[in-house]
Amino acid sequence: MKTPPVFDGHNDVLSRLYKRGTSGGIRGFLTGDDGHIDVPKSRLGGFAGGFFAVFVPSRGEFSGYLERMQAPEYDLPLPPEVPLAEAQKIAWKQVETLRQLEKDGGLTICTDTDAILHCISSGEIAAVLHMEGAEAIDPGFETLDRLYEAGLRSLGPVWSRPTPYGDGVPFRFPSNPDIGGGLTDIGKSLVRKCNRMGILVDTSHISETGFWDIAAITDAPIVATHSNVHAICPHSRNLTDKQLAAIAETGGVVGLNFATALLREDGRMVDDVPVSMMVRHLEHMVRIVGEDGVALGSDFDGATVPKPIGDASGLGALRQAMTDAGFGTKLIEKICYKNWVGVLKRTWRQ
Ligand code: ZN
């Protein structure tokens, strides 16, 4: 079953290709490689595209954190701040990779929702340029203007580390999202600037205080591109019912993260997870956020995903599980892509 197509809220293809070295990586994306997303796997699983994250990795010691999250309990130290110049160099390299993928016919960078719908109907991969953590953006926001020109339409002010804009939550289990400070003054200015430009502001990875700061400032729907239900999996990266209700109130969207550490009740990053566990999170989200506020945010290429899914070619297992759970065709279409298109339409100036 390959329909409806899946357009999702988060993948880490660009940082995977960055780590691999660009030229070989791009070929692999086109012809197939060992990652979660490439062109052949997308065709097989009906992966129609999504938010492609530019992400600046943390230095040195933080490598191997997915493995460290396999433990029954963990508390990973927050990685250090990334300096501006270093972040900019890496971020532009990843933007360049996305452009190269477009030139080579691997995907299409979309800055309006008609373009996304066109890609979905014609079978091209639709890419929304997203940035996960704003370290590459200078305090005068000149970089933001340049990134916008390059196609950036979605920005998460923080990843899970301290930044000049606010604090991200640590990878700790069990834990609450209420860890760390909120938005700084410049973080608040960044949110206002994004609002004016019609750039979506993503609340995934931010502290709960930061979440409420964004909620108080923003005039756009509140969005969490790749986060799950804290009431099921008590991880700092997941959202409390109160946060989910706030998303609902603004006509926002939450994207289901496939990362097993954010799905499992025991918070472990191991792949022994039935697809029914994903459906449990979706059902809880639909109950609180409503049928128009729930979508997918796979975190493909950035996390360990449930074994029955495996990679983008295995998305049929999730569609099937939603059908088996009694989700109607209309709801499945909304979750698979329509709700992302809807909230982008309400957010972007297009
Ligand atoms: Zn993430």
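Values in this document were obtained by computation on a predicted structure and should not be read as measured data. (Residues numbered from 1 in each chain as written. Predicted model: local features only at pLDDT ≥ 70, side-chain atom pairs only at ≥ 80, totals over all residues. Heavy atoms only, no water.)

### Quick word on the packing of helix α5 (residues 84–103) against helix α7 (residues 142–149)
Move 1: Running from amino to carboxyl end, α5 crosses α7 at an angle of 10°, the nearest separation of the two axes being 12 Å. Taken together, the axes of α5 and α7 lie roughly parallel to each other. Note on element contacts: α7 touches α5 through Thr-143, Arg-146 and Leu-147, opposite Gln-88, Trp-92 and Val-95. (Axes fitted to C-alpha atoms, helices over the stretch in contact; angles between N-to-C directions. Helix = DSSP H or I, 4+ residues; strand = E, 2+ residues; numbered from the N terminus. Parallel < 35°, antiparallel > 145°, perpendicular 65-115°, else oblique. Contact = heavy atoms within 4.5 Å.)

### Comments concerning the state of the cysteines
Move 1: Taken as a whole, this structure holds 0 disulfides when the rule is applied.
Move 2: In this model Cys-110 remains outside any disulfide bridge; the closest cysteine sulfur is found in Cys-119, 3.9 Å from its own.
Move 3: Cysteine Cys-194 remains unbridged, with the sulfur of Cys-110 as its closest cysteine sulfur at 19 Å. (Disulfide = S-S within 2.5 Å.)

### Regarding the coordination of the zinc ion
For a metal with four donors in a tetrahedral arrangement, the ideal angle between donors is 109.5 degrees, while six donors in an octahedron ideally sit at 90 or 180 degrees.
Move 1: On the protein side, the zinc ion has Glu-132 (OE), His-205 (NE2) and His-226 (NE2) as donor atoms, found 2.1 to 2.2 Å from it.
Move 2: Summarised as a motif, the one-chain spacing of the donors to the zinc ion is E-x72-H-x20-H. Taken together, the residues Glu-132 in strand β5 (residues 126–132) and His-226 in the loop between β11 (223–224) and α10 (241–249) connect sequence positions 94 residues apart. (Donors = N, O, S within 2.8 Å, 3.2 Å for Na, K, Ca; no water.)

### Let's talk about the pattern of salt bridges
Move 1: The final tally for this structure, using the stated rule, is 14 salt bridges.
Move 2: Salt-bridge contacts for Arg-172 lead to Asp-75; the nearest nitrogen and oxygen are separated by 3.0 Å. A residue pair is termed long-range when its members are at least 10 positions apart, and Arg-172 in strand β9 (residues 172–173) and Asp-75 in strand β3 (residues 74–75) qualify at 97 residues.
Move 3: Relative accessible area serves as the criterion here: at 29%, Arg-172 is assigned to the partly exposed category.
Move 4: Ionic pairing is found between Glu-265 and Arg-280, a salt bridge with its closest N-O pair at 2.9 Å. Placement of the pair is Glu-265 in the loop between α11 (260–263) and α12 (275–289) and Arg-280 in helix α12, with a sequence separation of 15 residues.
Move 5: Classification of Glu-265 as partly exposed rests on a relative accessible area of 47%.
Move 6: Through salt bridges with shared partners, a single network forms among Arg-16, Arg-20, Asp-33, Asp-34 and Asp-301. (Salt bridge = Lys/Arg side-chain N within 4 Å of Asp/Glu carboxyl O. Buried < 20%, exposed > 50% of the residue type's maximum accessible area, 1.4 Å probe, protein only.)

### Brief notes about the pairing of strand β12 (residues 253–256)
The side chains of a regular strand alternate, residue by residue, between the two faces of the sheet.
Move 1: Of the two faces of β12, the one lined by Val-253 and Gly-255 and the one lined by Val-254 and Leu-256 are each fully buried.
Move 2: You can see the chain leave β11, run along α10 and come back into β12, and the turn it takes is right-handed.
Move 3: Where β12 lies against strand β13 (residues 294–296), 3 bridges are found, and the strand directions are parallel. When the sheet's bridge partners are listed, Leu-256 is paired in β13 with Leu-296. (Right-handed = clockwise from strand over helix to strand, strands pointing away. Pairing = 2+ DSSP bridges.)

### Here's the deal with the sheet that holds β11
Move 1: In spatial order, the strands read β11-β12-β13; together these 3 strands make up an open sheet with parallel pairing. Bordering the open sheet on either side are β11 and β13, each of which pairs with just one other strand.
Move 2: Contacting β11, β12 and β13, helix α14 (residues 329–347) crosses the sheet at an angle of about 110° to β13.

### Focus: the side chain of Arg-319
Move 1: On the secondary structure map, Arg-319 appears in helix α13 (residues 316–324).
Move 2: For the buried residue Arg-319, which engages in no salt bridge, the nearest side chain bearing the opposite charge is Glu-333, 10 Å off. (Lys, Arg positive; Asp, Glu negative; His and termini not counted.)

These figures capture arrangement, not role.
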